[in-house]
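# Coordinate analysis (summary)
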Amino acid sequence: MKTLDVVGLGYCSYDYLAMVPQRPEFDADTQTLTDFATDGGGPVSTALVALARLGAGTAYIGVLGDDAHGQALGAMFAVEGVDC
């Protein structure tokens, strides 16, 4: 049985990150993205992953959907050593 130091209760999110060449002014024309990425996020998830990387035993209590994003988040937790 795994010893847990921290258990996080809350939600996690799937972030869409879009990079643009510079910060657009309010109401500016559309800009072209220079890069685009997706990653897991949310305050509870981020804290649990950071603690796991520092060597703490961590677990997540919350809901992960059974869609592609939920499965990806579960896989990311597994890679980082966060028990679900």
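Residues numbered from 1 in each chain as written. Predicted model: local features only at pLDDT ≥ 70, side-chain atom pairs only at ≥ 80, totals over all residues. Heavy atoms only, no water.

### Some details on helix α2 (residues 68-80)
Where we set the bar: Numbered from the N terminus, helices here are DSSP runs of H or I no shorter than four residues, and strands are runs of E no shorter than two. Multiplying 1.5 Å by the helix residue count minus one yields the expected span of that helix. In this scheme, a residue with accessible area under 20% of its type's maximum is buried, one over 50% is exposed, and one in between is partly exposed, where area comes from a 1.4 Å probe on protein chains only. The directions from the helix axis to the C-beta atoms form the arc being described.
In this model, α2 (13 residues) spans 18 Å end to end at C-alpha, consistent with the 18 Å of a helix rising 1.5 Å per residue. Turning to α2, its buried residues number three or more, namely Gly70, Leu73 and Phe77. Seen from one end, α2 has its buried residues packed into an arc of 60 degrees, which puts them on one side. Across α2 from its buried face, at more than 90 degrees, point the exposed residues Ala68, Gln71, Ala78 and Val79. Following α2 by one or two positions, glycine 81 has its phi on the positive side, about 85 degrees.

### Details of the nonpolar core
Worth spelling out the cut-off: As used here, the term nonpolar core means buried Ala, Val, Leu, Ile, Met, Phe, Trp, Tyr and Cys residues forming a set that is joined through side-chain atoms within 4.5 Å. Here, residues are in contact when the closest pair of their heavy atoms is within 4.5 Å.
Membership of the largest hydrophobic core is limited to nine residues, which are Cys12, Val44, Leu48, Val49, Ala52, Tyr60, Leu73, Phe77 and Val82. Examining the composition of this core, we find that four residues originate from one element, helix α1 (residues 43-53), more than from any other. Apart from residues lying up to four places away in sequence, leucine 73 is in contact with Cys12, Ser13, Tyr14, Gly40 and Leu64.

### What to know about α1
Where α1 is concerned, the buried positions are Val44, Ser45, Leu48, Val49 and Ala52. Each buried residue of α1 lies within a common arc of 125 degrees when the element is viewed along its axis, so the set occupies one face. Residues of α1 that are exposed and point more than 90 degrees away from the buried face comprise Pro43 and Arg53. Those residues of α1 that are buried are in contact with β1 (6-9), β3 (35-41), β4 (58-61), α2 and β5 (82-83). Backbone geometry just after α1 places glycine 55 at a positive phi near 105 degrees.

### Concerning the pattern of salt bridges
Side-chain pairs of opposite charge can arise whenever the charged atoms involved come near each other. Selection criterion: By definition, a salt bridge exists where a carboxyl oxygen of Asp or Glu is found within 4 Å of a side-chain nitrogen of Lys or Arg.
In this structure the tally under the stated criterion is one salt bridge. Residue glutamate 80 is joined to arginine 53 by a salt bridge in which the shortest nitrogen-to-oxygen separation is 2.8 Å. Note that glutamate 80 is positioned in helix α2 and arginine 53 in helix α1, a separation of 27 residues in sequence. We classify arginine 53 as exposed; its relative accessible area is 61%.

### A few points about the sheet that holds β4
Worth spelling out the cut-off: Whether two strands pair comes down to DSSP finding at least two bridges between them.
Strands sit in the order β1-β4-β5 across an open sheet of three strands; the sheet is parallel. Every interior strand has two partners, whereas the edge strands, β1 and β5, have only one. In this sheet, β5 lies alongside β4 in parallel orientation, the contact comprising two bridges. Its bridge partner being in β5, threonine 58 is matched across the sheet by valine 82.

In short, the description is geometric, and any link to function would need to be established separately.
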